Each structure stands twice: as C-alpha cells, then as structure tokens.
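Observations on the three-dimensional arrangement
Chain by chain, the residues run as shown.
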Amino acid sequence: MIRIENITRTYGSGDIEVNALVNVSLVIKENEFVAVMGASGSGKSTLMNILGCLDTPTSGEYYLSDLSVKDIDDVSLSKIRNEKIGFIFQTFHLLPRLTALQNVTLPLRYCDVTPEESERRGKELLAKVGLSDRAHHKPFEMSGGQRQRVAIARALVNNPKVIFADEPTGNLDSTTSYEIMDLLCELHTQGQTIVMVTHEEDIARYADRTIRMKDGQVVQEKLCLTA
Ligand SMILES: Nc1ncnc2c1ncn2[C@@H]1O[C@H](COP(=O)(O)OP(=O)(O)OP(=O)(O)O)[C@@H](O)[C@H]1O
Ligand SMILES: [Mg+2]
C-alpha cells in the first residue's frame, strides 16, 4: 500500500546539515501492524512524517497505492492526507476549547459531510473507544488515556487507509498504555493498517513486524510471531 525507495531527508545545510534519513526503503502492506523502534534521534519521527505526507523527502520515491507522491500538487496531497491517513501523537494534539465530540469530528469539516452525519459518526466512534459518556467533556476534564482515545477516534473519523501513531503511549502510565494498545490491536484485527513508533519492547510486541532504525537507516526488520 505504501512503498518508499531510497528516501533521504536532510535538515539544514552546510555545517549544520543533519541527515535524518539516509537511503531508507520500505514497504507497508495493507492490514499490517508495524512498529518502528530505535534510539532518540535515529529518524523515527522524520520517517513517520514522510510516510504520513506531513513532510517531503530531500530525495527518493514515495508511492501511496502505486501513486507517486512526487507528481501530486500540495492541494491534492493535503486532500489525500485528510482522506486516507489518520495520525495519533504522543501529546494527543487535541484542541483544548473543543469538546471530545467536536475534536473527533473536526476533520469532517473539510469534507462533504452534513452536520447530522458528522455528529452521528463522531458519537459512533466515541462509543467504539468507550467514551460515549464523555462526548461533551473538554480535554482538560479527561485523563491521559481518555484523551488518547479521543485522538484515536479522531484519527478514524475519515476511515483512513492507514494510521500513523508516533509514541501513542509515550505519555501514559503502563496500565493505560496497555489499554490503548488493546484498542489499537482491536482496530488492527478489524483490518486497520497501523504504523507505530515506540521506545518500549513490550509495546512493540503488539505489532506484526518491527523495524529498527539507527542513525537514519533501517538496520533490522523482524516479524513478530507472538503478536
Ligand atoms: N526540523 C529539524 N531541523 C533540524 N534537524 C532536525 C529537525 N527535526 C529532526 N532533526 C534531527 O533529525 C534527526 C532525527 O530526528 P527524529 O525526530 O526523526 O528522531 P526520533 O527517532 O523521532 O527521536 P525521538 O525518539 O527522540 O523522538 C535528529 O538528529 C534530529 O536532531
Ligand atoms: Mg520522535
């Protein structure tokens, strides 16, 4: 579903040049659950941003469903991002003034969806993540795990082809982390493709495959048999 070939991403120039990614090639298949691991600064977030079309590589090829992203203009790219990709972040990235329901349905504002349909879909997803009774609460009135559930519901609102999660459990205690992982696993069982960055081995174990990065390169790819 996603294929990248010889992707390089260089930040800055001259003396302060940083090669965050060097010749990275990868394939993400449909319905896969992939964990990306590696030390701080190894290029995990840079890779996620490129895979999620939030950033463009300095060189290399990126194909999304066999479409070369190079040939697509910015407007079409943000449309693709909005329709095909869901994001989950370590710090949730919810809008503080909006309720859980409003946060979840926010991406639908840029789509051709009626307010009634948007509300119906938002409530359905809040129910799916176990938060029906928190629809009208604001982020500051919820726990970290609940906030991340809202963020997951928001990531799902457009039926994305793939979800990118950058350390989704990084700000959660271990009990809450496992609850969030159980939720992601359930989505995966239902066919959702997920790519997740994590530092923790016991979180990575939930995935089908682990990709290990070092100094901007993929140094190991391993299938997990105990997922
Ligand atoms: N906007 C930027 N400008 C310059 N250098 C950057 C920028 N973003 C990242 N880098 C550098 O690129 C390298 C890879 O960064 P990246 O954020 O991808 O690492 P990471 O593996 O996600 O680390 P962490 O586990 O700490 O989140 C690092 O050396 C970092 O300092
Ligand atoms: Mg990072």
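Our subject in this report is the structure included herewith.

Parameters and conventions
- Residues numbered from 1 in each chain as written.
- Chains lettered and ligands numbered in written order.
- Predicted model: local features only at pLDDT ≥ 70, side-chain atom pairs only at ≥ 80, totals over all residues.
- Helix = DSSP H or I, 4+ residues; strand = E, 2+ residues; numbered from the N terminus.
- Rg over C-alpha atoms; globule rule 2.2 N^0.38 Å.
- Buried ≥ 20, exposed ≤ 12 C-beta atoms within 10 Å, placed from the backbone.
- Core = buried A, V, L, I, M, F, W, Y, C linked by C-beta atoms within 7 Å.
- Contact = placed C-beta atoms within 7 Å.
- Pairing = 2+ DSSP bridges.
- Axes fitted to C-alpha atoms, helices over the stretch in contact; angles between N-to-C directions.
- Parallel < 35°, antiparallel > 145°, perpendicular 65-115°, else oblique.
- Left-handed = near helix turned anticlockwise from the far one by under 90°.
- Nonpolar A, V, L, I, M, F, W, Y, C, P; charged D, E, K, R; others polar.
- Near = placed C-beta within 6 Å.

A few words now on the overall build of the chain. A tally of regular secondary structure across the chain gives seven helices and 10 strands. A compact globule built from 227 residues should have a C-alpha radius of gyration of about 17 Å, and the chain, at 18 Å, falls within 12% of that. The C-alpha extent of the chain, read off along each of the three principal axes, is 50 × 40 × 35 Å. Residues classed as buried in the chain amount to 38% of the 227 residues present.

Attention now goes to the nonpolar core. Across soluble globular proteins, nonpolar side chains show a tendency to be buried alongside one another. One finds Val 36, Ala 153, Phe 164 and Val 195 to be the most contacted residues of the largest nonpolar core, which totals 57 residues. Counting residues per element, this core draws most heavily on helix α5 (residues 144-156), which supplies six residues. Once residues within four sequence positions are removed from consideration, Val 195 is found in contact with Ile 28, Val 34, Val 36, Met 48, Leu 51, Val 162 and Phe 164.

Here we come to the sheet that holds strand β10 (residues 217-223). In spatial order, the strands read β6-β7-β8-β3-β9-β10; together these six strands make up an open sheet with mixed pairing. Both edges of this open sheet fall to β6 (85-89) and β10, since each of them pairs with a single strand only. Recorded for the sheet is a direction-independent mean angle of 15° between the axes of neighbouring strands. By the bridge criterion, five bridges tie strand β3 (residues 33-38) to strand β9 (residues 209-214) in an arrangement that is parallel. Bridging from a neighbouring strand, Val 34 pairs with Arg 209 of β9.

For β3, the buried fraction is high: six of the six residues fall into the buried class. Residues Phe 33, Ala 35 and Met 37 line one face of β3 and the alternating positions Val 34, Val 36 and Gly 38 line the opposite face, and both faces are buried. For β3 and strand β8 (residues 193-197), the ladder comprises four bridges, and the chain directions are parallel. Counted as the bridge partner of Ala 35 is Met 196 from β8.

Two numbers describe how α5 lies on helix α6 (residues 174-189): the axes approach to 10 Å, and their chain directions differ by 20°. Relative to α6, the element α5 lies roughly parallel. With respect to the hand of their crossing, α5 and α6 are arranged in right-handed fashion. Across the interface between the two elements, Gly 144, Gly 145, Gln 148, Arg 149 and Ile 152 from α5 touch Thr 176, Glu 179, Ile 180 and Leu 183 from α6. Looking at side-chain class alone, the contact of α5 with α6 contains three nonpolar, four polar and two charged residues.

A few words now on the site of ligand 1. Surrounding ligand 1, one finds Tyr 11, Gly 12, Val 18, Ala 20, Gly 38, Ser 40, Gly 41, Ser 42, Gly 43, Lys 44, Ser 45 and Thr 46. Elements supplying a minimum of two residues to the shell around ligand 1: β2 (18-28) and α1 (44-51). By residue class, the composition of the shell around ligand 1 is three nonpolar, eight polar and one charged.

Spatially, four strands are ordered β2-β1-β4-β5 in an open sheet, and the strand pairing comes out antiparallel. Strands at the two margins of the open sheet, each flanked by one partner only, are β2 and β5 (67-68). With two bridges joining them, strand β4 (residues 59-64) and β5 adopt antiparallel strand pairing. Paired with Leu 64 across the strands is Leu 67, a residue of β5.

Here we come to α1. With respect to burial, α1 is a largely interior element, six of its eight residues being buried. Restricting attention to buried positions, one finds in α1 the residues Lys 44, Thr 46, Leu 47, Met 48, Ile 50 and Leu 51. Note on α1: the residue one or two positions beyond its end, Cys 53, has a positive phi of about 60°.

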